[in-house]
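Chain by chain, the residues run as shown.
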Amino acid sequence: MNTFLLISAIALWVAVLGIGFLLLGALRALGLLSWRLEQLEAITPSRIGRDGLKLGKKALDFTLPNAAGADMSLHDFAGRKVLLVLTQSGCGPCREIVPELNRLHEKGDHQVVVVNNAELDGTRRWAAEVGARFPVLAQEKFSLSKRYQVFVTPFAFLIDEHGVITSKG
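Note that the coordinates shown come from a computational prediction; the quantities given were computed from them, not determined experimentally.

Participant: Any details on the side chain of N116? Residues and values, ideally.
Facilitator: Of note, N116 is situated in strand β4 (residues 111-117). At 3.3 Å, the side chain of N116 forms a polar contact with the side chain of T123. For N116, the contacting residues outside a window of four places in its chain are T87, Q88, S89, T123, W126, V136, L137, A138 and Q139.

Here it is in structure tokens:
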């Protein structure tokens, strides 16, 4: 009888260990599968479009208030090359690019237009703090960014004199 109990106990432990190893193997496989799915999602283009509007597409017109409170539209710059830059108050890199944007604006080859994500008062403060010498417009709740399919700042679109997006990033 004792031998039977000992063999039963050993068989039970072997079964428990076997099930444990199977469970660990299944969890490892699940982890690998999850990791592979994450990798696939990272390199698969999203249907939403997180890289902005496509090159060669007509830039979407908009009207937004500038830092002085007057409304400005993209079509106000028709016939000129426009560098449209989307920024956000509190964004360090957005602040860092302003001296270069000022230089480009003063050079005159392109009309620099910055659309800052903040309420009008916040945009006024940001434009004054960074010393912007180009038009700074205010968008709230990423309203224009969503239309332009941009989810990071700063992000810029180069728009030719015909209103077509020729470069972005």
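Participant: Could you give an account of the nonpolar core, with specific residues and numbers?
Facilitator: Of all hydrophobic cores here, the largest spans 20 residues; its most connected members are F62, L84, V115, Y148, F157 and I159. Contributions of two or more residues to this core are made by β3 (82-88), β4 and β6 (155-159). Apart from residues lying up to four places away in sequence, F157 is in contact with G52, L53, V82, L83, L84, L86, Y148, V150, I165, S167 and K168. Among the nonpolar cores identified, the runner-up in size contains 14 residues, and C94, W126, A127 and A156 belong to it.

Participant: Let's hear about the pattern of salt bridges: which residues, and what values?
Facilitator: Pairing is possible between side chains of opposite charge, provided their charged atoms come close. By the definition in use, this model includes five salt bridges. R95 is the salt-bridge partner of E129, the closest N and O atoms lying 3.0 Å from each other. Here the residue E129 occupies a position in helix α4 (residues 120-130), and R95 occupies one in helix α2 (residues 92-96), the gap between them amounting to 34 residues. For the salt bridge of E100 with R103, the shortest nitrogen-to-oxygen distance reads 2.5 Å. With E100 and R103 both in helix α3 (residues 98-107) and three residues apart, this pair spans about one turn of that helix.

Participant: Quick one: what's the story with unusual backbone geometry, residue by residue and with numbers?
Facilitator: In terms of backbone geometry, most residues other than glycine have negative phi values and most peptide bonds are trans. The amide bond that connects T153 to the next residue, P154, takes the cis arrangement and shows omega of -5 degrees. Mapping P154 onto the fold places it in the loop between α5 (143-147) and β6. For Q149, which is not glycine, the phi torsion reads 60 degrees and is therefore positive. With respect to the helices and strands, Q149 occurs in the loop between α5 and β6. A relative accessible area of 26% places Q149 in the partly exposed class.

Cut-offs and rules
Counting of residues starts from 1 at the beginning of each chain's written sequence and follows it residue by residue. Totals for whole chains, interfaces and linings use every residue, but because this is a predicted model, local features are given only for residues with pLDDT of at least 70 and side-chain atom pairs only at 80 or more, for both listing and counting. Excluding hydrogens and water, the side-chain figures rest on all heavy atoms present in the structure. Counting from the N terminus, the helices are the DSSP runs of H or I reaching at least four residues and the strands are the DSSP runs of E reaching at least two. Pairs of N or O atoms are called polar contacts if they sit within 3.5 Å, as long as, within protein, a hydrogen donor faces a hydrogen acceptor (for residues adjacent in sequence, only side-chain-to-side-chain pairs). Contacts are assigned to residue pairs that have any heavy atoms within 4.5 Å of one another. The definition of a nonpolar core used throughout is a set of buried Ala, Val, Leu, Ile, Met, Phe, Trp, Tyr and Cys residues joined through side-chain atoms within 4.5 Å. Relative accessibility decides the category of a residue: with a 1.4 Å probe and only protein chains considered, values under 20% of the type maximum give buried, values over 50% give exposed, and everything between is partly exposed. For this document, the term salt bridge refers to a Lys or Arg side-chain nitrogen within 4 Å of an Asp or Glu carboxyl oxygen.

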